[in-house]
Amino acid sequence: MKRSTHSLLTAGVIAGPLWVVMSYAQAFTREGFDIVRHPASLLSQGDLGWLQVLAFVLAGVMYVASALGLKRTLTGVARTWAPIMLGIFGVGMIMGGVFRADPALGFPPGTPLGIPETVSLSSQIHGTAPILAFVALTVCFFILARRFFKQGKPGIAWTSIVVGIGSIVLSNIPAMTADMEAGIFNFIPLWIGASVAFLWVSYLLQIIKEESR
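Residues numbered from 1 in each chain as written. Predicted model: local features only at pLDDT ≥ 70, side-chain atom pairs only at ≥ 80, totals over all residues. Heavy atoms only, no water.

Caption draft 1: Focus on the pattern of salt bridges. According to the stated counting rule, one finds three salt bridges in the structure shown. Here Lys153 and Glu211 are joined by a salt bridge, their closest N and O atoms 2.7 Å apart. One end of the pair, Lys153, is in the loop between α4 (121-150) and α5 (154-177); the other, Glu211, is in helix α6 (residues 188-211), with 58 residues separating them in the sequence. Assessed through its relative accessible area of 29%, Lys153 is described here as partly exposed. On the basis of relative accessibility, which here comes to 31%, the residue Glu211 falls in the partly exposed class. A single salt-bridge network, built from bridges that share partners, covers Arg147, Lys153 and Glu211. (Salt bridge = Lys/Arg side-chain N within 4 Å of Asp/Glu carboxyl O. Helix = DSSP H or I, 4+ residues; strand = E, 2+ residues; numbered from the N terminus. Buried < 20%, exposed > 50% of the residue type's maximum accessible area, 1.4 Å probe, protein only.)

Caption draft 2: Spatial organisation of the nonpolar core. Trp19, Leu86, Phe89, Leu144 and Phe198 are the most contacted members of the largest nonpolar core, which has 58 residues in total. Put simply, the parts of the chain that give this core at least two residues each are α1 (2-27), α2 (49-73), α3 (81-98), α4, α5 and α6. In this structure Leu144 touches Leu74, Ala78, Ala82, Leu204 and Ile208, once residues within four positions along its chain are discounted. (Core = buried A, V, L, I, M, F, W, Y, C linked by side-chain atoms within 4.5 Å. Contact = heavy atoms within 4.5 Å.)

Caption draft 3: Quick peek at the packing of α5 against α6. In the contact formed by α5 and α6, the axes pass within 8 Å of each other and the chain directions differ by 155 degrees. One way to sum up the angle between α5 and α6 is to call them roughly antiparallel. For α5 against α6, the interelement crossing comes out left-handed. Residue-level inspection shows Ile156, Thr159, Ser160, Val163, Ser167, Leu170, Ser171, Ile173 and Pro174 of α5 in contact with α6, the latter providing Pro189, Leu190, Ile192, Gly193, Val196, Ala197, Trp200, Tyr203, Leu204 and Ile207. For the contact of α5 with α6, the class distribution of residues is 14 nonpolar, five polar and no charged. (Axes fitted to C-alpha atoms, helices over the stretch in contact; angles between N-to-C directions. Parallel < 35°, antiparallel > 145°, perpendicular 65-115°, else oblique. Left-handed = near helix turned anticlockwise from the far one by under 90°. Nonpolar A, V, L, I, M, F, W, Y, C, P; charged D, E, K, R; others polar.)

Caption draft 4: Structural context of the packing of aromatic side chains. Evaluated as defined, the whole model comprises 14 aromatic pairs. Centroid distance Tyr63 to Phe198: 6.3 Å. Interplanar angle 15 degrees. Geometry classified as stacked. Taken together, the residues Tyr63 in helix α2 and Phe198 in helix α6 connect sequence positions 135 residues apart. For Tyr63, a relative accessible area of 0% translates into the label buried. Judged by its relative accessible area of 1%, Phe198 is buried. The interplanar angle of 45 degrees and the centroid separation of 5.9 Å between the aromatic rings of Phe89 and Phe198 together place this pair among those described as tilted. With Phe89 in helix α3 and Phe198 in helix α6, this residue pair connects regions lying 109 residues apart in the sequence. Phe198 shares its class with Phe89; the two are buried. Aromatic ring contacts, followed pair by pair, group Trp19, Phe56, Tyr63, Phe89, Phe134 and Phe198 into a single cluster. Between Arg147 and the ring centre of Phe148, over which it is positioned, the NZ or CZ distance is 5.7 Å. (Phe/Tyr/Trp six-rings, centres within 6.5 Å; stacked < 30°, edge-to-face > 60°. Lys NZ or Arg CZ within 6 Å of the ring centre and 35° of its normal.)

Next comes the structure, spelled out in structure tokens:
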């Protein structure tokens with residue numbers, strides 16, 4: 001049982017870096033994609049869009065698996081709600097892959113530069129799922145922070161809180177600073193917030209995995 005539990009936690013450790021590598025590799029190599037003007041969601045469009053769909057779905061499945069491992073591993077504080085929140089995060093990632101964002105902001109090449117006047121149901125679901133997912137992940141960070149405080153690890157606990165709040169704030173900056181009429185955005189804060197959150201959850205799962213040995 002312990003070996004299978006460690007395998008489940010390992011899936012969660014790998015999920016974040018896997019998504020980051022797959023997304024950034026495309027962001028810097030796909031024709032017409034600009035990491036400043038475009039969010040990762042738009043990578044699901046175009047001939048190679050299936051790669052980003054795979055990145056979302058695969059990472060989501062791995063997070064759901066790690067939530068089960070977390071449930072088996074934790075005792076006391078965080079045992080109930082941390083796995084639930086991490087599982088919701090994983091489901092949100094899967095939904096973000098299955099339901100694609102509409103072409104927009106000039107990507108894929110040939111798409112009008114602005115935001116579409118009408119938004120498909122798929123794009124609406126895609127836009128909502130990641131929001132719910134990252135709220136759930138932030139709650140998970142807070143729950144685990146409480147656990148780390150009780151373990152006498154305030155540095156990890158406070159960092160979890162800062163990363164949780166920071167990822168939410170950074171993800172909202174593009175919309176708050178955008179020129180909606182011109183369709184001009186700066187998505188760098190969103191890229192940073194998501195990347196740091198993904199890598200931090202990997203770090204926390206690795207710590208918990210090592211504690212359980």
